[in-house]
Amino acid sequence: MRYAIQEAERALEAGEVPVGCVIMHQGRVIGKAHNQRETLQDPTAHAEILAITQAAAHLGSWRLEHTQLYVTLEPCPMCAGAIILARIPEVYFGAHDPKAGVCGTLMDLLQDPRFNHNPAVTPGLLADECGALLSGFFQAIRKNQKS
């Protein structure tokens, strides 16, 4: 998760919502990214989507079996769908997302038995640190809007 936090800090430096994601395979990082929606002007440029694309290219397969995904914020519906489709078996996330989180907060897409793949999910990994990055970012935005 520390690597994912480093990616979130890169997002913060770029003026993006500070979310970072890392995908591990056999103890090695094979995909890492941070949010780039503003930079790329792409609504799908979430950290998880970008990291999944990198990991698939690294493995030469869309099936990301035997991998672990670490992300600083609970995945949204789009990212949860990509996780299911990529067949990632383990997901670890930091902060819960009360507005878009679908790994237990608003609903639990990753554990829905109607899907053909249900990864193991571990929430709350370094949650305070992950949440502080996000809170600080949004507090700064609100402060700048008042000025």
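Just so you know, these numbers come straight off a predicted model, no measurement behind them.

Caption draft 1: Spatial organisation of the sheet that holds strand β3 (residues 67-73). An order of β2-β1-β3-β4-β5 is seen for the five strands of this open sheet, with the pairing classed as mixed. The open sheet terminates on both sides in strands that have one partner only, identified here as β2 (28-34) and β5 (120-122). Taken pair by pair, the neighbouring strands of this sheet meet at an average axis angle of 15°, ignoring direction. On top of the sheet, helix α3 (residues 47-59) reaches β1 (20-25), β2 and β3; it is set at about 145° to β2, its chief contact. Of the strands in this sheet, β3 and β4 (90-95) touch helix α5 (residues 127-146), which is tilted by about 60° from β4.

Caption draft 2: Up close: the pattern of salt bridges. Tallied over the entire structure, the rule returns three salt bridges. Where Arg10 meets Glu7, a salt bridge forms, and the shortest distance between an N and an O atom there is 2.3 Å. Taken together, the residues span about one helical turn, with Arg10 and Glu7 both in helix α1 (residues 2-13) at a distance of three residues. A residue is classified by how much of its surface remains accessible, and Arg10, at 40% relative accessible area, is partly exposed.

Caption draft 3: The arrangement of the side chain of Glu16 in detail. Tracing the backbone through its elements, the reader meets Glu16 in the loop between α1 and β1. Of the buried charged residues, Glu16 lacks a salt bridge, with Arg37 as the closest side chain of opposite charge at 5.8 Å. At a separation of 3.2 Å, a polar atom in the side chain of Glu16 contacts the main-chain amide nitrogen of Arg37. A polar side-chain atom of Glu16 sits 2.6 Å from the main-chain amide nitrogen of Thr39.

Caption draft 4: Examining the nonpolar core more closely. Counting residues in each nonpolar core, the largest one holds 40 residues, and the members touching the most others are Ile23, Ile52, Leu69 and Ile88. For this core, the secondary structure elements donating two or more residues are α1, β1, β2, α3, β3, α4 (77-86), β4 and α5. With six residues, the single largest contributor to this core is α4. Ile88 has contacts with Ile23, Ile52, Leu64, Thr67, Leu69, Ile83, His117 and Pro119, leaving out every residue within four places of it along the chain.

Caption draft 5: Here's a closer look at the packing of aromatic side chains. In this structure the tally under the stated criterion is two aromatic pairs. Measuring from ring centre to ring centre gives 4.7 Å for Tyr70 and Tyr92, while their planes differ by 10°; the resulting arrangement is stacked. Residue Tyr70 is located in strand β3, and its partner Tyr92 is located in strand β4; the two are separated by 22 residues in the primary sequence. Each of the two residues, Tyr70 as well as Tyr92, counts as buried. On the numbers, 5.0 Å between centres and 80° between planes, the contact of Phe137 with Phe138 is edge-to-face. Of the residues examined, Phe138 reaches a relative accessible area of 35% and is grouped as partly exposed.

Caption draft 6: Seen up close, α1. Along its twelve residues, α1 runs 17 Å from first to last C-alpha, staying within 8% of the 16 Å computed at 1.5 Å per residue. On its buried face, α1 is in contact with β1, β2, β3 and α5. At the exit of α1 stands Gly15, carrying a positive phi of roughly 80°.

Reading guide: rules and limits
Residues numbered from 1 in each chain as written. Predicted model: local features only at pLDDT ≥ 70, side-chain atom pairs only at ≥ 80, totals over all residues. Heavy atoms only, no water. Pairing = 2+ DSSP bridges. Helix = DSSP H or I, 4+ residues; strand = E, 2+ residues; numbered from the N terminus. Axes fitted to C-alpha atoms, helices over the stretch in contact; angles between N-to-C directions. Contact = heavy atoms within 4.5 Å. Salt bridge = Lys/Arg side-chain N within 4 Å of Asp/Glu carboxyl O. Buried < 20%, exposed > 50% of the residue type's maximum accessible area, 1.4 Å probe, protein only. Lys, Arg positive; Asp, Glu negative; His and termini not counted. Polar contact = N/O pair within 3.5 Å; in protein donor to acceptor, adjacent residues only side chain to side chain. Core = buried A, V, L, I, M, F, W, Y, C linked by side-chain atoms within 4.5 Å. Phe/Tyr/Trp six-rings, centres within 6.5 Å; stacked < 30°, edge-to-face > 60°. Expected span 1.5 Å × (residues − 1).

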